[in-house]
Amino acid sequence: MSRQQQFVLMGRYNRDMNQRLFAAASKLEDDQLCSNMGAFFQSILGTLNHLYVADVMWLQRFAAGSFAGASCLDSVALLAKPTALNQIIYSELEVFLPARKSLDVTICHWSEALQEEALDRPFSYKNSKEADFCKPFGLVLQHFFNHQTHHRGQLTTLLSQQGVEVGVTDFLLWIDEVTPELA
């Protein structure tokens, strides 16, 4: 399996896990979603928003790059640029869910359009504090997907603390469910 195919798989995993998180979060009342639970982004809603904000920031950086597949990110490039990593863009889950779904579909389409040879090319970008960086594009993509998994792990803990179980989120078990030929 090529690295590009692995990123396609990660995009699909990301999409499915986000749907599970939103389904679990939808079982909670607004005060439970917004309650400061001592997490880095305070609440369940704050952490969900952080994931969305970070994804938009990265995808906007990718859209500005000269990589094949960047045109798949045109819709994200038109979104307002997030102003902070802890920005609350969506305060209502019902409004948030369609935006999250749309972003996840975009990530899936974009990862399918990536080209293997681009993954070794240098990728220059500015972080949220405007510091300059240049890293191999494939490593930046690994970070992009790892960041999502990291915060989804936090969310499963926060949801569990509220009495809501997300279910199994293990990548290898997910592969067994959706792509048994890879198992």
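Definitions and cut-offs
Residues numbered from 1 in each chain as written. Predicted model: local features only at pLDDT ≥ 70, side-chain atom pairs only at ≥ 80, totals over all residues. Heavy atoms only, no water. Core = buried A, V, L, I, M, F, W, Y, C linked by side-chain atoms within 4.5 Å. Buried < 20%, exposed > 50% of the residue type's maximum accessible area, 1.4 Å probe, protein only. Contact = heavy atoms within 4.5 Å. Phe/Tyr/Trp six-rings, centres within 6.5 Å; stacked < 30°, edge-to-face > 60°. Helix = DSSP H or I, 4+ residues; strand = E, 2+ residues; numbered from the N terminus. Lys NZ or Arg CZ within 6 Å of the ring centre and 35° of its normal. Expected span 1.5 Å × (residues − 1). Lys, Arg positive; Asp, Glu negative; His and termini not counted. Salt bridge = Lys/Arg side-chain N within 4 Å of Asp/Glu carboxyl O. Axes fitted to C-alpha atoms, helices over the stretch in contact; angles between N-to-C directions. Parallel < 35°, antiparallel > 145°, perpendicular 65-115°, else oblique. Nonpolar A, V, L, I, M, F, W, Y, C, P; charged D, E, K, R; others polar.

S.K.: Tell me about the nonpolar core, and please be specific about residues and values.
M.R.: One broad trend across soluble globular proteins is that nonpolar side chains are buried collectively. The biggest cluster of nonpolar side chains holds 47 residues, and the ones touching the most others in it are I44, L59, F62, F137 and L159. Every residue in contact with I44, bar those within four places of it in the chain, is listed here: A25, L28, Q32, L33, M37, L155, L158, L159 and Q162.

S.K.: Lay out the packing of aromatic side chains with the relevant residues and their values.
M.R.: Applying the stated criterion across every chain, the model contains 21 aromatic pairs. On the numbers, 6.4 Å between centres and 85° between planes, the contact of W110 with F144 is edge-to-face. Remark: F144 occurs in helix α6 (residues 137-161) and W110 occurs in helix α5 (residues 93-113); sequence separation between them is 34 residues. Note on accessibility: W110 and F144 belong to one class, buried. Taken together, the aromatic side chains of F7, W58, F62, W110, F123, Y125, F133, F137, F144 and F145 make up a single cluster linked through ring pairs. When the ring centre of W58 is taken as reference, the NZ or CZ atom of R61 above it lies at 4.4 Å.

S.K.: Hey, could you go over α5 for me, with residue numbers and the actual values?
M.R.: Spanning 21 residues, α5 covers 30 Å between terminal C-alpha atoms, matching the ideal 30 Å at 1.5 Å per step. L93, F96, A99, R100, L103, D104, T106, I107, C108, W110 and S111 are the residues of α5 that are buried. Here the buried face of α5 lies against α1 (3-25), α2 (30-34), α3 (44-64), α4 (74-77) and α6.

S.K.: Describe the side chain of R61, with residues and values.
M.R.: The topology assignment puts R61 in helix α3. Here R61 is buried and forms no salt bridge, its nearest opposite-charge partner E130 lying at an N-O distance of 7.2 Å. Dropping the residues within four chain positions of it, R61 is found in contact with F123, Y125, K126, N127 and S128.

S.K.: Quick one: what's the story with the packing of α1 against helix α7 (residues 171-178), residue by residue and with numbers?
M.R.: For any two helices packed against each other, the geometry comes down to the angle between their axes and how far apart the axes lie. Packing of α1 against α7 leaves a shortest axis separation of 11 Å and a crossing angle of 95°. One element, α1, and the other, α7, form an angle in the roughly perpendicular class. In contact with L9, M10, R12, Y13, D16, M17 and R20 of α1, α7 contributes F171, W174, I175, E177 and V178. Tallied by class, the residues present in the contact of α1 with α7 amount to eight nonpolar, no polar and four charged.

S.K.: Run through the environment of F137, naming residues and quoting values.
M.R.: Position of F137 among the secondary structure elements: in helix α6. You can call F137 buried: its relative accessible area is 1%. Between the C-alpha atom of F137 and that of L73, which follows or precedes it by 64 residues, the distance is 16 Å. What F137 contacts, discounting residues up to four positions off in sequence, is F62, F67, W110, L114, A118, L119, R121 and F123.

S.K.: How would you sum up unusual backbone geometry? Please name residues and give values.
M.R.: Positive phi outside glycine occurs at Q42, with the angle close to 65°. With respect to the helices and strands, the residue Q42 is situated in the loop between α2 and α3. On the basis of relative accessible area, Q42 is assigned to the partly exposed category, the value being 41%. In this structure, E130 is a non-glycine residue whose phi angle is positive, near 70°. Of note, E130 is situated in the loop between β1 (122-126) and β2 (132-136).

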